[in-house]
Amino acid sequence: MKVLILADEIFAMRERSMLGRLELGLADEGIRVIHGIPSTLAGHEPRDVFSRPVFYETSRFRTFRRLLARRLAETIRDPEADEDDQPVSVVHVFGGSAWELGLDVAEDLDAEAVLELWRPALRERADDIARKSAGPAPVFAVPDSMLERCVRDRSPNLTLRCTPWGVHLEDRRREILPAGGVPTAVILGGGHDRPAFAAALEGIARVLPRHRDLMIFLDARAVRRGDLWPIAKRFGLLESMSLIEDLEARRDLLTQADVLVLPEARGEHHSVVLEAMAAPMAVVAAADAAVGTLIDGRTAVLVKTVEPAAWATALQQLLANPEQANALANSAREFVRTERTVFRHVHSVIEMYKWMTSGDSLPLRAGGGPAAPVS
């Protein structure tokens, strides 16, 4: 089998590690992988030997997009390419801004299409695509069973497959919040929910008098998008705060911190949260009904109200009790070990591909009707 993994710019940068793990796992199972990368990221392509990189351009205008999709399909079919002449069976698209292009390429290649539905906000677009599909509707892969339920409740006619993302676990373990060390916290989010960020930042400000050496790292893009600098200044956080560009992509740096703070509850899935749990780190997050990896008391401390006092209580609980923080972090690590490994992710994706290309796949629907096996 040959597969095209097509990532939009956000996924190609932010989820590079996850895509690399998936592609390596597929290659280990004998699946040939082509990695579609936006031309804007030329020079940033993966250096791995297990996938063939191809660059693409796209357009928001359908006519131009169709031409560009045809060009990409021709590149993929290039007889001079250093690989076998096996046709592409599946086009797997990561990132909503590449969905339409991926569907066009799949049509040109006569391949099946998978669209990764990684956040609830994509559901209406998924409905629209499925409704307008002239041929077989694409399969929508979801990275979490809770997100699957949320989508299925409101869009029962979509064909869904749950392919839970996974990460590697290092053999070594580390202690967080060690005695005599400087406590560090990373705040992650897109900056889309300014009130949620404001509540978390004020909560941190309330614990600073007791933990004046606390170092706080934020993604610079989120700060700009959410106009968070004035908020941090108002709460007196600037001396404790450092901004890092594309922080989510800096996994090597991010996972060295002690605490991961997730202020936004938008149902979005980020593999970096799994990597933080595997590190391990202690996670403090806004409760999110569409993210099944956030389990109160097992993988995270969940903040259930958008109130600064709630954030302050949750953070103080961990910073003042390193033993409790380490117990939570190690519990989250064990959850990843048993539930969210790369092996399970790769296996579920391969089973989805086999099901799609077997010739007898049927839509997986809620409440009656034919059901496909779920990984």
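Residues numbered from 1 in each chain as written. Predicted model: local features only at pLDDT ≥ 70, side-chain atom pairs only at ≥ 80, totals over all residues. Heavy atoms only, no water.

**Some words on the pattern of salt bridges**
(1) Moving on: Per the stated rule, a full pass over the model turns up 23 salt bridges.
(2) Moving on: We note a salt bridge from R21 to E275, for which the minimum N-O separation is 3.0 Å. Separated by 254 residues along the polypeptide, R21 in helix α2 (residues 16-28) and E275 in helix α11 (residues 271-278) bring together distant segments of the chain.
(3) Moving on: Since its relative accessible area comes to 15%, E275 is described here as buried.
(4) Moving on: Ionic pairing is found between E245 and R224, a salt bridge with its closest N-O pair at 2.7 Å. Here R224 lies in helix α8 (residues 220-226) and E245 lies in the loop between β10 (241-244) and α10 (251-254), a separation of 21 residues in the sequence.
(5) Moving on: Residue classification places R224 among the exposed positions, given a relative accessible area of 52%. (Salt bridge = Lys/Arg side-chain N within 4 Å of Asp/Glu carboxyl O. Helix = DSSP H or I, 4+ residues; strand = E, 2+ residues; numbered from the N terminus. Buried < 20%, exposed > 50% of the residue type's maximum accessible area, 1.4 Å probe, protein only.)

**Points about the packing of aromatic side chains**
In this description, an aromatic ring pair is defined by two values, namely the gap between the centres and the angle between the planes.
(1) Moving on: Applying the stated rule across the entire model yields 5 aromatic pairs.
(2) Moving on: Three or more aromatic residues link up through ring pairs in this structure, and these residues are F11, F94, W118 and W165.
(3) Moving on: Geometry around F11 places R14 over its ring, the cationic atom sitting 5.3 Å from the centre.
(4) Moving on: When the ring centre of W355 is taken as reference, the NZ or CZ atom of R161 above it lies at 4.9 Å. (Phe/Tyr/Trp six-rings, centres within 6.5 Å; stacked < 30°, edge-to-face > 60°. Lys NZ or Arg CZ within 6 Å of the ring centre and 35° of its normal.)

**Description of the layout of surface pockets**
(1) Moving on: Empty space within the largest pocket amounts to approximately 940 Å³.
(2) Moving on: For the largest pocket, the lining is made up of 45 residues, of which R14, G190, E248, E268 and H270 are closest to its centre.
(3) Moving on: Those elements giving two or more residues to the lining of the largest pocket turn out to be α1 (9-14), α8, α11 and β12 (282-286).
(4) Moving on: A per-element tally of the lining of the largest pocket places α1 first, with 5 residues. (1 Å grid on protein atoms, 1.4 Å probe; cavity = no way out; pocket = protein on both sides within 12 Å on 5 of 7 lines; lining within 4 Å. Points joined across faces, edges and corners; volume = space filled by probe spheres on them.)

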